[in-house]
Structure formats: structure tokens, C-alpha cells
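Secondary and tertiary structure notes
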Amino acid sequence: MKKRVFSGIQPTGSIYIGNYLGAIRHWVATQAEFENIFCIVDLHAISIPQEPETLKAKTREIAALLLASGVDLKQSAVFVQSHISAHAELAWILSCFIPMGWMQRMTQFKEKSQKQKESVPVGLFIYPALMAADILLYQTDLVPVGEDQKQHLELTRDVARRFNSFYGQTFTLPEPSIPKLGARIMALNDPTKKMSKSEIRSAHAIHLLDSSDEIRWKIMSAVTDSRREIRFDASRPGIYNLLTIYQLFTGLSTSEIEARFEGKGYAEFKRELAEVIIESLQPLQSRYRALIAEANYVDSVLAEGASKVRSIAEKTLATVREKIELGTR
Ligand code: AMP
Ligand code: TRP
């Protein structure tokens, strides 16, 4: 029996190389080994305000990008979270088993809510309960994510353990799968911060659909330092981040890369890095353009994905309801 993989991505903003190198690439690389379920988490997306038309377009865009990145429908299901109502129902139930203190420790909430204070939506606070529901509904073994999701995974395991200890074995305890390299790609305009979707400044991130000129411009203006040597030195976050991106796209070792740029300057390295990224993304971009031109096809993939996995989610939810003795059936 293959182990089951589950992961999710929000249909907000534009997918950038952080998402790709930290998550999507690994989903694709290991899909033959596992039974895979990839979820476009639109209910999570609405924890911050979304324009309805944009949300719909982004949902399709991400589905097409996943397929263009190599997600193979023979090995993986792709579906939209809101198509399966069990997610919202289990999220509510789990939220009744999560102490406030656990939620209050979530650093992502603290960061995202900083500017909003009292007006921050309750949904943003209980976001991790919905994420736990996503994962636990499918009796997931492995969750491939970037490093920023580690704390949410720990909370998922804690609530699964707690529910299991009250009601007997119900949920599989999921393991996080976080890549050794690329789990935290940093922002180009500020390498001390994580590359993220919420930042709209244009030199912050490279999006998977950026043009060659945009990629060149962003890499050339990436913040580095005033040193010269091109070395993998974590104490120089700008150049270290760019070298990591170079390594992930080329597959070369650190010593091969250092040797290649021995005696060369940052500008030369950046020029080559930009070309490497452009070349790596080109095939993906042309597959994407073909797919997105067929919105009906993308929609049918998502409908099929939901019908493939719905019974797994409903079975888990039925077990949960029975254990708690909800209703009188
Ligand atoms: P999100 O865009 O927040 O839905 O994230 C989708 C996936 O990309 C998650 O697995 C994240 O952990 C991962 N991810 C997001 N930003 C980065 C980053 N800067 N570096 C590595 N992985 C990331
Ligand atoms: N919270 C995740 C993120 O922002 C997305 C997500 C939602 C997810 N549900 C999930 C990831 C379940 C893995 C498993 O990146």
C-alpha cells in the first residue's frame, strides 16, 4: 500500500518560486511513490478579503499551474476545498478540541494580524483548525510543505492525538515533509524576510508566470551585500538566497557552483541566474498557456478530483460523528 500525501495551496496572489521550490516541485518529484491529493484551499483564501471574480480566476490559474508543473492526474488528484463540505464541518468539530492557548501560539497568525488588531477576522485565527481538518480527513501520512507550515503541522498532530485519546484511534498522525534545501526562499528585496504572496512590491518575488524581462530585472535588482566572493555563506543572506535558487534550478553541488563563479562578480552571477530561471520556467509557462485557454478542461479536472476523493473525506467524517454521537441516527 502506498503512503498517502496531502498538501494544499491558496488561490491568492501569484504563485512564486518560493511555492514552487519549497512545495510544488516536491509534490511532482515524489508523486509516483505515493497516493497524492492536492487541494486548492479557497476556504483558507477567504480568511483575508478576496474579490469574487479574482478568487475564481486564481483557482483555475493554480489548477493549470499545478498541471503545467507536472502534477500527473494518473497519480494525483487535484480538487478545490469548498467542493467538499466535510472540510468545513470537521474544522468546526476540531476547533472544539483545540485550546485557545495552542492557537494563540501560531506565529503566522501573529504576523498576518499585526496591522488589523480588533478587526482581524475570526477565520484567520482559526485557520489552522481548517488546515488540520484538510489533512486529517484523508488519513494523511505525509504533508510536503515549506518551513512556514511546520507549526501548523504540529498543531494538526496535537489535535489528532487529543481526539484519538478521547475517542479511540480515529485519525492517522501525519508527518511533515520539509525539503532540506529550498524550504524557506527569502525575498529578493529583503533577504531577511520570507518570500511571500502578500507582498506586492514588484521586486519582492519571481512569479512563475513572469516574463523574461521581469525576471532579469528582478534578479539584477535583488539585494545582496558589498562583498565580492560568491560563496554559500549563510551569514550573507542575499547572495546565499540567490545561490540556493541557482542550486535548486541547476541541480549542481555547492562546490561546483562556487568553482564556476570563482573570481567572478555578483553582476555576472546574477545575469546567469536570471537565464537559468527563465529557461527552467519556459516549458512550464507554455504548458500553462495551453491549459488556461481551456477553462472547461481545467474545471472538469477539478470536478473529477473532488469526486475521486470525496468518499475518503466522508468516511472519516462519518466516523467522527459516530464517535461523538452527533445527531440521533
Ligand atoms: P501558500 O502560498 O501560503 O498557500 O503556500 C503554498 C506552499 O508553498 C506551502 O507549502 C508553503 O510552505 C510553501 N511556501 C510558501 N512560501 C515559501 C517560501 N518563501 N519558501 C519555501 N516554501 C514556501
Ligand atoms: N496553510 C497552507 C499555506 O498557506 C495551505 C494549506 C491549507 C495546506 N491546508 C493545507 C498545506 C493542508 C498542507 C496541508 O501554505
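Residues numbered from 1 in each chain as written. Chains lettered and ligands numbered in written order. Predicted model: local features only at pLDDT ≥ 70, side-chain atom pairs only at ≥ 80, totals over all residues. Heavy atoms only, no water.

Our next topic: the site of ligand 1. Around ligand 1 sit 18 residues in total, of which Tyr16, Gly146, Asp148, Ile185 and Lys197 are the nearest. Contact between ligand 1 and Asn19: an oxygen atom at 3.0 Å from a side-chain N or O atom of the residue. Between ligand 1 and Ile185, the relevant distance is 2.8 Å, taken from a nitrogen atom to a main-chain nitrogen or oxygen of the residue. The fraction of the free accessible surface of ligand 1 (490 Å²) that becomes covered by protein chains is 95%. Broken down by element, the residue count for the shell around ligand 1 peaks at 4 residues, all from helix α1 (residues 17-29). Its residues assigned to classes, the shell around ligand 1 shows 7 nonpolar, 7 polar and 4 charged. (Near = heavy atom within 4 Å. Polar contact = N/O pair within 3.5 Å; in protein donor to acceptor, adjacent residues only side chain to side chain. Areas by Shrake-Rupley, 256 points an atom, 1.4 Å probe, with all protein chains shown as cover. Helix = DSSP H or I, 4+ residues; strand = E, 2+ residues; numbered from the N terminus. Nonpolar A, V, L, I, M, F, W, Y, C, P; charged D, E, K, R; others polar.)

Take the site of ligand 2 next. Surveying the vicinity of ligand 2 reveals 13 residues, the closest of which are Gln10, Tyr127, Met131, Asp134 and Gln149. One of the side-chain nitrogen or oxygen atoms of Gln10 is found 3.1 Å away from an oxygen atom of ligand 2. A distance of 2.7 Å separates a nitrogen atom of ligand 2 from a polar atom in the side chain of Asp134. If ligand 2 stood free it would expose 370 Å²; the protein chains cover 91% of that surface. Taken together, the elements giving at least two residues each to the shell around ligand 2 come down to β1 (4-9) and α8 (127-137). Counting residues per element, the shell around ligand 2 draws most heavily on α8, which supplies 4 residues. For the shell around ligand 2, the per-class residue count stands at 7 nonpolar, 5 polar and 1 charged.

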